[in-house]
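The residues making up each chain are set out below.
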Amino acid sequence: MRDDFLEARRVLDTFLADAAILAALDDAADLLATTLRRGNKILICGNGGSACDAAHFAEELSGRYKADRKPLAALACTDVGHVTCVANDYGFEFVFSRWVEALAQPGDTLIVLSTSGQSPNILHAIDAAKDKGLATIALLGKSGGPCKSHADHPLVFPGQTSDRIQELHMMALHAFVAQIERALGLA
């Protein structure tokens, strides 16, 4: 198990040494704070473990993070009824895009999570968001896949396996919440 922790530390050290991604994270956090300051909302989606991370991020904003504060508008696409209905009626590749089409308003921001950047449903979500006038942030891994060129703010994290990439994604999501709270004067 020690080797697993050492590998995680190596990936984190690689991430921390990359000034460009750290600057891009700051820019994305500023965008998220601006979105909420304007009275808009953050939408977030991902597949598998990334769906769980999306739900966790949304509840950190709408519930609480480290201290009591007003709730912030964030939604994760994790409703099993929606996901299974759309997957059954239209195909799994449209579960996120139909959700964006139904709930997003111009000025909102969409965050997508994908360790590969290859998921068709994530690509469709980004396209639907752009059609509705949303800014898009993509937390990605490996090469970033096609999502890298579709998202307004692609953040490609180091690591070659989903577990290490997802660990960094969750750290980034927690850092977003902390920065949003600071920027909005809630921390």
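Bear in mind that the values here come from a model prediction, so they are computed numbers and not experimental data. (Residues numbered from 1 in each chain as written. Predicted model: local features only at pLDDT ≥ 70, side-chain atom pairs only at ≥ 80, totals over all residues. Heavy atoms only, no water.)

**Student:** Explain the overall build of the chain here, please?
**Tutor:** Within the chain, the secondary structure is distributed over eight helices and five strands. What you see in the chain, going N to C, is helices and strands ordered as α-α-β-α-β-α-α-β-α-β-α-β-α. At 16 Å, the chain has a C-alpha radius of gyration in line with the 16 Å of a compact globule built from 187 residues. C-alpha atoms of the chain, sized along the principal axes, occupy 45 × 40 × 30 Å. Of the contacts made within the chain by residues no fewer than 6 positions apart, 67% connect residues no fewer than 24 positions apart. (Helix = DSSP H or I, 4+ residues; strand = E, 2+ residues; numbered from the N terminus. Rg over C-alpha atoms; globule rule 2.2 N^0.38 Å. Contact = heavy atoms within 4.5 Å.)

**Student:** Sorry, what's going on with the sheet that holds strand β2 (residues 74–76) here?
**Tutor:** Sheet strands line up and pair through hydrogen bonds in the backbone, either parallel or antiparallel. Spatial strand order, β2-β1-β3-β4-β5: five strands in an open sheet with parallel pairing. Edge strands, defined here as strands with exactly one partner in the open sheet, are β2 and β5 (153–156). The mean angle between the axes of side-by-side strands here comes to 15°, regardless of whether they run parallel or antiparallel. The sheet contact formed by strand β1 (residues 42–46) and strand β3 (residues 109–113) spans five bridges and is parallel. Across the sheet, I44 pairs through a bridge with I111, a residue of β3. Taken strand by strand, helix α6 (residues 120–131) contacts β1, β3 and β4 (135–140), and its axis lies near 170° from that of β3. (Pairing = 2+ DSSP bridges. Axes fitted to C-alpha atoms, helices over the stretch in contact; angles between N-to-C directions.)

**Student:** I tried to follow the packing of aromatic side chains on my own but got confused; where do I start?
**Tutor:** Each aromatic ring pair is specified by the distance between its two centres and by the angle formed by the two planes. Going through the model one piece at a time under the given rule, you end up with one aromatic pair. Here the aromatic rings of F15 and F157 are separated by 5.5 Å at their centres, their planes lie at 25°, and the arrangement is stacked. Linking F15 in helix α1 (residues 2–16) with F157 in the loop between β5 and α8 (162–183), this pair joins segments that are 142 residues apart in sequence. Considered together, F15 and F157 belong to a single accessibility category, that of buried residues. Its guanidinium or amino end placed over the ring of Y90, R98 lies 3.9 Å from that ring's centre, counting from NZ or CZ. (Phe/Tyr/Trp six-rings, centres within 6.5 Å; stacked < 30°, edge-to-face > 60°. Buried < 20%, exposed > 50% of the residue type's maximum accessible area, 1.4 Å probe, protein only. Lys NZ or Arg CZ within 6 Å of the ring centre and 35° of its normal.)

**Student:** What exactly am I supposed to notice about the pairing of β4 here?
**Tutor:** Working note: regular strand, side chains alternate between the two faces of the sheet. Of all six residues that make up β4, six are buried, and the element is covered over most of its length. The alternating pattern of β4 places A135, I137 and L139 on one face and T136, A138 and L140 on the opposite face, and all of these are buried. Taken together, the five bridges between β3 and β4 define a ladder with parallel strand orientation. Its bridge partner lying in β4, T109 is registered against A135. Between β3 and its parallel partner β4, the chain crosses via α6, and the hand of that crossover is right-handed. Where β4 and β5 come together, four bridges link them in parallel fashion. Among the inter-strand pairings, I137 is bridged to a residue of β5, identified as H153. (Right-handed = clockwise from strand over helix to strand, strands pointing away.)

**Student:** Where do I start with the side chain of R69 in this structure?
**Tutor:** Along the polypeptide, R69 turns up in the loop between α3 (49–62) and β2. Polar contacts involving the side chain of R69 include one to the main-chain carbonyl oxygen of E60, which spans 2.5 Å. If sequence neighbours within four positions are ignored, R69 has contacts with E60, L61, G63, R64, V177, E181 and L186. (Polar contact = N/O pair within 3.5 Å; in protein donor to acceptor, adjacent residues only side chain to side chain.)

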